[in-house]
Protein chains: 4
Amino acid sequence: MGTTRLEAFSDGVLAIIITIMVLELKVPHGAELADLVPLWPVFASYVLSFVNVGIYWNNHHHMLHVTKRVDGAVLWANLHLLFWLSLFPFVTGWMGENHFESAPTAAYGVACLMAAIAYYVLQAVIIRREGRDSVLARAVGRDLKGKLSPVFYIGGIVAAFVAPWISWLLYISVAIIWLVPDRRIEHALESAPAAASSGAPIP
Amino acid sequence: MGTTRLEAFSDGVLAIIITIMVLELKVPHGAELADLVPLWPVFASYVLSFVNVGIYWNNHHHMLHVTKRVDGAVLWANLHLLFWLSLFPFVTGWMGENHFESAPTAAYGVACLMAAIAYYVLQAVIIRREGRDSVLARAVGRDLKGKLSPVFYIGGIVAAFVAPWISWLLYISVAIIWLVPDRRIEHALESAPAAASSGAPIP
Amino acid sequence: MGTTRLEAFSDGVLAIIITIMVLELKVPHGAELADLVPLWPVFASYVLSFVNVGIYWNNHHHMLHVTKRVDGAVLWANLHLLFWLSLFPFVTGWMGENHFESAPTAAYGVACLMAAIAYYVLQAVIIRREGRDSVLARAVGRDLKGKLSPVFYIGGIVAAFVAPWISWLLYISVAIIWLVPDRRIEHALESAPAAASSGAPIP
Amino acid sequence: MGTTRLEAFSDGVLAIIITIMVLELKVPHGAELADLVPLWPVFASYVLSFVNVGIYWNNHHHMLHVTKRVDGAVLWANLHLLFWLSLFPFVTGWMGENHFESAPTAAYGVACLMAAIAYYVLQAVIIRREGRDSVLARAVGRDLKGKLSPVFYIGGIVAAFVAPWISWLLYISVAIIWLVPDRRIEHALESAPAAASSGAPIP
């Protein structure tokens, strides 16, 4: 089976997640600019989550682009990823409305951690099916980013109970790591004829 | 008419259903981990419904994959299925917020039962159009799963007024039955040239 | 320009409209079956609106299926239709929560009337572009249904201030008129080679 | 990489934005026509935002239609645009519920301004990739509309603190400027073989 409908369904879910998160930004009752000030933690959380979901969509897009066929295992690994991402509006709202207190900041990290693991699993399931010589396998290579992210998130979860601002530093760091243009799959596609058997270049 | 747009519309509706269910998980006002505890019945209901909608999407995906053409009857049978699935956020929220009391647990079973019947009807309408020798007809075969599910749901609805935990056991059992990799359509596709006229293998 | 993206966007908007209407079905606080009883007007309104949006999606699907190219005028005529349909959740909720009182019942009719007119305009814009000999023009023919619907809706709006149940009779009648399988476009497609220049068969 | 999935995701987000804005139209508790009157500022804001998002969708549709390939920079420039558009439900609701007072009217202008800038950036990123002789570059030409819009929005933001009705005049003017059929891309497509190297015709 092709990937078209898997992409369409994932696009739908990600588009809704990214959009309903903004519903946590409750319209203030006052009409002064000052009435916007108490909203800044919710807004900051929204921006971080928007970027995170954007990164997932971006990477998902690239990964599926070099995936030829999907089977039941891929469909469920994908749904598993969407499940954890679907909790983002909840943890984003909880963290934002409580001004980055310990428990909500840790909960945000847990959702991020589980989504990162789910993405890793999905990638592994696809690679197992596509083969170790596939474009995706070569593009992912040693997957430094994919392995670093969970470590940062675990650090953020622990730090939340000591100093939540450290958690934020860590969560933002992961986003920046991924925002740096990731040309691995584009490179692997271009060098596909060359068929370099060594690990793909990691930017 | 082809199936593209039917799939796109169904994907959209299913993606929204699966995502707005999470809105029933109301952000708690407190900022302690303990504030999450009262949410567990809503969360458990959400997980079950997410898995159920995921199963429907998965099966729908497989079924439409081997459907060649659709007509008005198929479009309406599909809308009928989407109608019952659209009630999932409501029954999920009602069951979760009332800690699995009798009436909400039964209502959840009714929505599941009606969706299962609607899926069965949709499948029958497509098979009638595709013919009894079609890939779908052979893949479905005797359709043990499809016939067992309503029985389990009726059992769950009745049990809800005696002991709701039995209902949950039954609802979860149906999900597990369907989660077991269902390769019928994949098998039927692979053996299509062989054209075995007997019933399709049921895992 | 082709119709793919117009269809995708319309599918998205219609899928969301049909799904968020269910959010008006507020989860009751009690856990008895009796707590569902006060919801029946909201539920009945939801069913009628679901069927109405389903009819629009169905007809839209058929119409775009025989449309070859779209231009700016078609895009805006389509957005105009989506605008009136986007008010369905509002009027459905208002009518349902007020037990079919006069003003909400009339407001529902106004939304239906405007959507029907917008659909008629969209159809006219497409036919103007496709030509009077196009498959669509022949399929639509004298368009009895399209011309009857606004009359019924105007009747319903007026009747709402006398006896709202008459409005409901009229609104339901329109839905039934359209639910009767409409094979005009399918017929026109099949008879396309025959190129009957007379009006298309109206079922 | 092709543009299909970028379009699908953007369609999803835009479809959801345009639809959840209507949720700010809260169903009134009374059942009289008079109960609709206090809703008119929310309704007027909704209409303006619906038209604005419709214009973005329309222009986005045209722009991507003549875009051949996308890379990471295009994906992120697109997400950046979607981010500012995702704030439309919030600023629309705030402006509508406060009867066009100064701060909310200015906030609406800021969201419009940032979206206009983001669209301009997205266009520039695509043109940089497609080349200065591409159909898009020629169609955009001097891009009078694109350069005028931010000026009008800045005027509207400033005017909001003096006389909000001037802001509304300016916001509506921008919408009208864009609603005037924009045939630049359609013209550029038709004259593509002629390859006029001068700026594209601006209607």
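Residues numbered from 1 in each chain as written. Chains lettered and ligands numbered in written order. Predicted model: local features only at pLDDT ≥ 70, side-chain atom pairs only at ≥ 80, totals over all residues. Heavy atoms only, no water.

Caption draft 1: How the structure looks around the overall build of chain A. Counting its secondary structure elements, chain A contains 9 helices and 0 strands. The linear arrangement of helices and strands in chain A, starting from the amino end, is α-α-α-α-α-α-α-α-α. Out of the 203 residues in chain A, the part that is buried amounts to 61%. Considering only residue pairs separated by 6 or more positions, chain A has 79% of its internal contacts joining residues 24 or more positions apart. Of the roughly 7900 Å² of accessible surface on chain A, a fraction of 68% belongs to carbon and sulfur atoms. (Helix = DSSP H or I, 4+ residues; strand = E, 2+ residues; numbered from the N terminus. Buried < 20%, exposed > 50% of the residue type's maximum accessible area, 1.4 Å probe, protein only. Contact = heavy atoms within 4.5 Å. Areas by Shrake-Rupley, 256 points an atom, 1.4 Å probe, with all protein chains shown as cover.)

Caption draft 2: A look at the nonpolar core. Counting residues in each nonpolar core, the largest one holds 277 residues, and the members touching the most others are A:Phe88, B:Phe88, C:Phe88 and D:Phe88. Apart from the residues within four sequence positions on either side, A:Phe88 is in contact with A:Ile17, A:Met21, A:Ser49, A:Asn52, A:Val53, A:Tyr108, A:Ala111, A:Cys112 and A:Ala115. (Core = buried A, V, L, I, M, F, W, Y, C linked by side-chain atoms within 4.5 Å.)

Caption draft 3: Molecular detail of the interface of chain C and chain D. Of the residues lining the interface, 29 residues belong to chain C; the matching set on chain D comes to 38 residues. Summed over the shared surface of chain C and chain D, the number is 2 salt bridges. For the salt bridge of C:Arg5 with D:Glu7, the shortest nitrogen-to-oxygen distance reads 3.9 Å. Connecting chain C to chain D are 5 residue pairs in polar contact (both at pLDDT 80 or more). No other element matches the 9 residues that helix α1 (residues 4-20) of chain C contributes to the side of chain C that touches chain D. (Salt bridge = Lys/Arg side-chain N within 4 Å of Asp/Glu carboxyl O. Polar contact = N/O pair within 3.5 Å; in protein donor to acceptor, adjacent residues only side chain to side chain.)

Caption draft 4: Looking closely at the environment of A:Tyr120. All names here are of chain A. Following the sequence through the fold, Tyr120 ends up in helix α5 (residues 102-130). On the basis of relative accessibility, which here comes to 37%, the residue Tyr120 falls in the partly exposed class. Put simply, Tyr120 and Arg5 are 115 residues apart on the chain and 21 Å apart in space, counted from C-alpha to C-alpha. Tyr120 has contacts with Asp143, Gly146 and Lys147, leaving out every residue within four places of it along the chain.

Caption draft 5: Up close: the packing of helix α2 (residues 40-65) of chain D against helix α5 (residues 102-130) of chain D. All names here are of chain D. With their axes 12 Å apart at the nearest point, α2 and α5 run at an angle of 5° to one another. The pairing of α2 with α5 is recorded here as roughly parallel in orientation. On α5, the residues that touch Leu48, Ser49, Asn52, Tyr56, Asn59, His60 and Met63 of α2 are Tyr108, Cys112, Ala115, Ala116, Tyr119, Leu122, Gln123 and Ile126. Tallied by class, the residues present in the contact of α2 with α5 amount to 10 nonpolar, 5 polar and no charged. (Axes fitted to C-alpha atoms, helices over the stretch in contact; angles between N-to-C directions. Parallel < 35°, antiparallel > 145°, perpendicular 65-115°, else oblique. Nonpolar A, V, L, I, M, F, W, Y, C, P; charged D, E, K, R; others polar.)

Caption draft 6: Structural detail: the relation of the copies chain B and chain A. Between chain B and chain A, which share one sequence, the superposing operator has a rotation angle of 90° and an axial displacement of 0.0 Å; the RMSD is 0.0 Å. Viewed as a symmetry operation, the transformation between the two copies matches a four-fold axis. In terms of C-alpha distance to the rotation axis, chain B has B:Gly12 as its closest residue, with the C-alpha 4.2 Å off the axis. When the interface residues of chain B are mapped onto chain A, a mere 3% of them are again interface residues, pointing to distinct binding faces. (Least-squares fit on C-alpha atoms with pLDDT ≥ 70 in both.)

Caption draft 7: Region of interest: the environment of D:Cys112. Residues and elements named next belong to chain D. Here Cys112 shows up in helix α5. In sequence terms Cys112 and Trp84 are 28 residues apart; their C-alpha atoms lie 7.9 Å from each other. Leaving out residues up to four positions away in the same chain, Cys112 has contacts with Asn52, Tyr56, Phe88 and Tyr153.

Caption draft 8: Summary view of the interface of chain B and chain A. Contact residues are listed per partner, giving 38 residues for chain B and 29 residues for chain A. Each partner contributes to the roughly 3000 Å² buried at the junction of chain B and chain A, and carbon and sulfur atoms together form 76% of this total. When the buried surface of chain B facing chain A is broken down by residue, B:Val27, B:Ala31 and B:Trp57 rank first, second and third, together holding 20% of it. For the pair chain B and chain A, the number of links is 2 salt bridges. As a salt-bridge pair, B:Asp11 and A:Arg5 come within 2.8 Å of each other at their nearest N and O atoms. Viewed at the interface, chain A and chain B are joined by 5 residue pairs in polar contact (both at pLDDT 80 or more). Where the side of chain B that touches chain A is concerned, the elements lending two or more residues are α1 (4-20) and α2 (40-65) of chain B. At 14 residues, α2(B) tops the list of elements feeding residues into the side of chain B that touches chain A. For the side of chain B that touches chain A, a count of residues per class yields 22 nonpolar, 10 polar and 6 charged. (Buried area = accessible area lost by both parts, 1.4 Å probe.)

Caption draft 9: A look at the packing of aromatic side chains. Scanning the model with the defined rule gives 48 aromatic pairs over all chains in all. For the ring pair B:Tyr108 and B:Tyr171, a centre distance of 5.7 Å and an interplane angle of 45° mean the geometry is tilted. Placement of B:Tyr108 in helix α5 (residues 102-130) and of B:Tyr171 in helix α8 (residues 164-179) is noted, with a sequence separation of 63 residues between them. Accessibility assignment for this pair places B:Tyr108 and B:Tyr171 in one class, buried. Where D:Phe83 meets D:Trp84, the ring centres are 5.1 Å apart and the plane angle is 80°; that geometry is what we call edge-to-face. Judged by relative accessible area, which is 10%, D:Phe83 ranks as buried. Each member of the aromatic cluster is reached from another via a ring pair, and the members are A:Phe43, A:Tyr46, A:Phe50, D:Phe83 and D:Trp84. (Phe/Tyr/Trp six-rings, centres within 6.5 Å; stacked < 30°, edge-to-face > 60°.)

Caption draft 10: Highlighting unusual backbone geometry. In the Ramachandran plot, B:His99 falls in the positive-phi region, its phi being about 50° despite a non-glycine side chain. The partly exposed category is assigned to B:His99, whose relative accessible area is 49%. One non-glycine residue with positive phi stands out, namely D:Phe100, at about 60°. The topology assignment puts D:Phe100 in the loop between α4 (88-97) and α5.

Caption draft 11: Inspection of the packing of helix α5 (residues 102-130) of chain C against helix α7 (residues 144-160) of chain C at higher detail. Residue and element names in this part refer to chain C. Relative to each other, α5 and α7 sit at 165°, their axes nearing to 8 Å. The pairing of α5 with α7 is recorded here as roughly antiparallel in orientation. Where α5 crosses over α7, the two elements pack in a sense that is left-handed. Contacts from Ser102, Thr105, Ala106, Gly109, Val110, Cys112, Leu113, Ala116 and Tyr120 of α5 reach α7 at Gly146, Lys147, Pro150, Tyr153, Ile154, Ile157 and Ala160. For the contact of α5 with α7, the residue count by class is 11 nonpolar, 4 polar and 1 charged. (Left-handed = near helix turned anticlockwise from the far one by under 90°.)

Caption draft 12: How the structure looks around the side chain of C:Asn58. Its place among the elements puts C:Asn58 in helix α2 (residues 40-65). On the accessibility criterion, C:Asn58 (5% relative accessible area) is buried. Excluding its chain neighbours within four sequence positions, the residues that come into contact with C:Asn58 are B:Leu75 and B:Trp76.

Bear in mind that shape data such as this cannot, by itself, settle questions of function.
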